[in-house]
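Descriptive analysis of the structure
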Amino acid sequence: MKKEECFYLGKIVSKFSFRGEVLVKLDTDEPESYSRMESVFVNYNNSLVPFFIERCALHKSDLLRIKFEDVDTEEDADDLMKAELYLPLALLPKLEGNQFYYHEIIGFKIVDISFGEVGTIKAINDTTAQALFEIDRNGTEILIPMNDEFIDKMDRESKVIHVKTPEGLIDLYL
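This report concerns the structure included in the present document.

**Side note on the pattern of salt bridges**
- Counted under the stated rule, the structure contains ten salt bridges.
- Between E74 and K15 there is a salt bridge, and its shortest N-O distance comes to 3.4 Å. On the criterion of sequence distance, the pair formed by E74 in helix α1 (residues 74-78) and K15 in strand β1 (residues 6-15) is long-range, its members being 59 residues apart.
- Members of the salt-bridge network, linked through shared partners, are E21, E54, R55, R65, K67 and D72.

Here is the structure:
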């Protein structure tokens, strides 16, 4: 399985017991959705390796306590520290309405109610306090905050996101 065919689920952050259990910090708003997994891909030595799960359970709200098959000692668990976990994209729950996954909207057009067509989403910048649409408009980069108040409507079929940005925001980049 290639990383492009998967989504990032979380990262192993610590050992939990001397029997090889680990704690995973999940990157999700719904951690309970992942408490019944049978397997997961672990980024191990820059390769996605399938690991089968003996048992897993939520631990203190956003952590998942996992016991992998054949990881039976602290030393085995040490070997997995800081490893990232992935699942196939097909396992992502379908979102509706104006909800979306960042990876699914790359290539969508942004149309502002007042301005008209702004450009095409080339990336999402989520390293700032407010996630941003990175939009390409004929070689010029335009950044629009991913604010629920700005997103008017999402049309998956046409691959268009309609926004209503504050007056002058887009003009700052042109």
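**Section: the sheet that holds strand β10 (residues 140-145)**
- On the basis of which strands lie adjacent, the open sheet formed by six strands has the order β10-β9-β8-β7-β12-β11 and mixed pairing. Of all strands in the sheet, those with a lone pairing partner are β10 and β11 (151-155), marking the two edges. Going from strand to strand, the sheet's axes swing by 35 degrees on average, the running direction of each strand aside.
- Taken together, the five bridges between strand β8 (residues 116-125) and strand β9 (residues 132-137) define a ladder with antiparallel strand orientation. Residue pairing across strands places T120 opposite D136, the latter belonging to β9.

**Describing the sheet that holds strand β2 (residues 22-26)**
- Ordered by their spatial adjacency, six strands build a closed barrel running β1-β2-β5-β4-β3-β6, and the pairing between neighbours is antiparallel. Ignoring which end each strand starts from, the neighbouring axes of this sheet average 45 degrees apart.
- Relative to β2, β1 is paired through five bridges, and the arrangement is antiparallel. For I12, the partnering residue across the bridge sits in β2 and is V24.

**Let's talk about the nonpolar core**
- Counting residues in hydrophobic clusters, the biggest one holds 23 residues, and the most contacted among them are L9, I66, F68 and L85.
- Elements represented by at least two residues in this core include exactly β1, β2, β3 (39-44), β4 (47-59), β5 (63-68) and β6 (84-88).
- When neighbours within four sequence positions are excluded, F68 is seen to be in contact with I12, V22, V40, V42, F51, F52, I53, E54, L80 and L85.
- F100, F133, I144 and V163 belong to the second largest nonpolar core, which has 20 residues in total.

Conventions we followed
Residues numbered from 1 in each chain as written. Predicted model: local features only at pLDDT ≥ 70, side-chain atom pairs only at ≥ 80, totals over all residues. Heavy atoms only, no water. Salt bridge = Lys/Arg side-chain N within 4 Å of Asp/Glu carboxyl O. Helix = DSSP H or I, 4+ residues; strand = E, 2+ residues; numbered from the N terminus. Pairing = 2+ DSSP bridges. Axes fitted to C-alpha atoms, helices over the stretch in contact; angles between N-to-C directions. Core = buried A, V, L, I, M, F, W, Y, C linked by side-chain atoms within 4.5 Å. Buried < 20%, exposed > 50% of the residue type's maximum accessible area, 1.4 Å probe, protein only. Contact = heavy atoms within 4.5 Å.

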